[in-house]
Amino acid sequence: MNLPSRSQYLGIIDRAIEEDVGHGDVTSEYLGVADRECVAVATNREDGVIAGLFIMKTVFERIDPSIEFEAGVEEGELVRKGATLATIKGRAGSVLAGERVALNFLQRMSGIATFTYQFARAVRNTKAVVVDTRKTTPGLRLLDKYAVRAGGGRNHRFGLSDAILIKDNHIAMVGSVAKAVEKAKENRGHTLTIEVETSDIDQVREALDAGADIIMLDNMKLKEIEEAAALIDGRAIVEVSGNVGMINVTQIAMCGVDVISVGALTHSPDALDIGLDFV
């Protein structure tokens, strides 16, 4: 799968290294082990989808270019507990200095990918796709959204400039859904889509009549989702958002919607349990 551009994530990695390593690892230095050669192996302690090995590799490269890194699995691969994810060879001081930063990235990204995989698998027999939101960790959006793709999900807009998304507060300021869509059409470039967040069937009808490209059904119950999808009937993309979990995502997808956005993919995933041990 396509990786983010190296120039986009180097700054993220460098800041993380500076935060953790600071002026050096005093433990390794004072114990006299920093210059010893070592071999370390990263393994997963639970099943999961792996994402972020390229980030792990780059962390060690930034700390010590002489470190040898060999990935044991592919990005986006579903692996069983106990797999050799990577082998790292080099100075013990360099490996120990990069261990925590490298694992933090790999565990978080693999946790997101694994969580996303579970959602994507739950809707696999429907036309719906699972997408993320902007509810990402500040400064890590690039990596969070990559991890969603690695797990089989898709990305919603990356930032505010990617598309017009008219939400409840916008509608409150403008006065109505129709007025908001009209003003957006007057000012947008021809490549920008217009999405409207709706909370009831009346707003759905208003957004549809106004010519919205995408209609988001926010926090609606299943019967309302079914009614709204039937009303829209292919004239706009139907997105569902709010109160989506593993317990109901399949039922939502079976209502005939096109997109299901899940903020929890990036704001509430459990980190995948991964360890790095010397051999």
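For clarity, every value in this text was computed on a predicted model and none was experimentally measured. (Residues numbered from 1 in each chain as written. Predicted model: local features only at pLDDT ≥ 70, side-chain atom pairs only at ≥ 80, totals over all residues. Heavy atoms only, no water.)

A. Representation of the packing of helix 4 (residues 92-122) against helix 5 (residues 141-150). Relative orientation of the contacting elements helix 4 and helix 5 amounts to 45 degrees, with a least axis distance of 7 Å. In this view, helix 4 runs oblique relative to helix 5, as classed from their interaxial angle. Relative to helix 5, helix 4 is oriented so that their crossing is right-handed. Between helix 4 and helix 5, the contacting residues are Phe105, Arg108, Met109, Ile112, Ala113 and Thr116 on the first element and Leu143, Asp144, Tyr146, Ala147, Val148 and Ala150 on the second. Class assignment of the residues belonging to the contact of helix 4 with helix 5 gives a composition of 9 nonpolar, 1 polar and 2 charged. (Axes fitted to C-alpha atoms, helices over the stretch in contact; angles between N-to-C directions. Helix = DSSP H or I, 4+ residues; strand = E, 2+ residues; numbered from the N terminus. Parallel < 35°, antiparallel > 145°, perpendicular 65-115°, else oblique. Left-handed = near helix turned anticlockwise from the far one by under 90°. Contact = heavy atoms within 4.5 Å. Nonpolar A, V, L, I, M, F, W, Y, C, P; charged D, E, K, R; others polar.)

B. Quick look at the side chain of Glu197. In this fold, Glu197 is placed in strand 8 (residues 194-198). Relative accessible area serves as the criterion here: at 8%, Glu197 is assigned to the buried category. Within the structure, Glu197 has its side chain in polar contact with the side chain of Lys167 (distance 2.9 Å). The contact partners of Glu197, leaving out residues within four places of it in the chain, are Leu165, Ile166, Lys167, Asp168, Ile171, Gln203, Met216 and Asp218. (Buried < 20%, exposed > 50% of the residue type's maximum accessible area, 1.4 Å probe, protein only. Polar contact = N/O pair within 3.5 Å; in protein donor to acceptor, adjacent residues only side chain to side chain.)

C. Highlighting the environment of Arg108. Among the secondary structure elements, Arg108 is positioned in helix 4. Using a relative accessible area of 22% as the deciding quantity, one classes Arg108 as partly exposed. For the pair Arg108 and Leu160, spaced 52 residues apart in sequence, the C-alpha to C-alpha distance is 24 Å. Those residues in contact with Arg108, other than ones at most four positions away along the chain, are Thr137, Leu140, Asp144, Thr266, Pro269 and Ala271. A polar side-chain atom of Arg108 sits 2.9 Å from a polar atom in the side chain of Asp144.

D. Here's a closer look at the sheet that holds strand 10 (residues 237-241). An order of 6-11-10-9-8-7 is seen for the 6 strands of this open sheet, with the pairing classed as parallel. Bordering the open sheet on either side are strand 6 (129-131) and strand 7 (164-166), each of which pairs with just one other strand. The average angle at which neighbouring strand axes cross in this sheet is 25 degrees, direction not considered. With respect to the sheet, helix 7 (residues 177-187) is in contact with strand 7 and strand 8, its orientation differing from that of strand 8 by roughly 165 degrees. Packed on one face of the sheet, helix 8 (residues 201-210) meets strand 8 and strand 9 (214-218) and runs near 165 degrees to strand 8. (Pairing = 2+ DSSP bridges.)

E. Broad picture of the packing of aromatic side chains. Applying the stated criterion to the full structure yields 3 aromatic pairs. Geometrically, the ring pair formed by Phe54 and Tyr146 is edge-to-face, given 5.1 Å between the ring centres and 80 degrees between the ring planes. Residue Phe54 is located in helix 3 (residues 53-63), and its partner Tyr146 is located in helix 5; the two are separated by 92 residues in the primary sequence. Each member of the pair Phe54 and Tyr146 is classed as buried. Where Phe115 meets Phe119, the ring centres are 5.1 Å apart and the plane angle is 80 degrees; that geometry is what we call edge-to-face. Within this pair, Phe115 and its partner Phe119 are both found in helix 4, separated by 4 residues, close to a single helical turn. Judged by its relative accessible area of 2%, Phe119 falls in the buried class. These aromatic residues form a ring-pair network of at least three members: Tyr9, Phe54 and Tyr146. (Phe/Tyr/Trp six-rings, centres within 6.5 Å; stacked < 30°, edge-to-face > 60°.)

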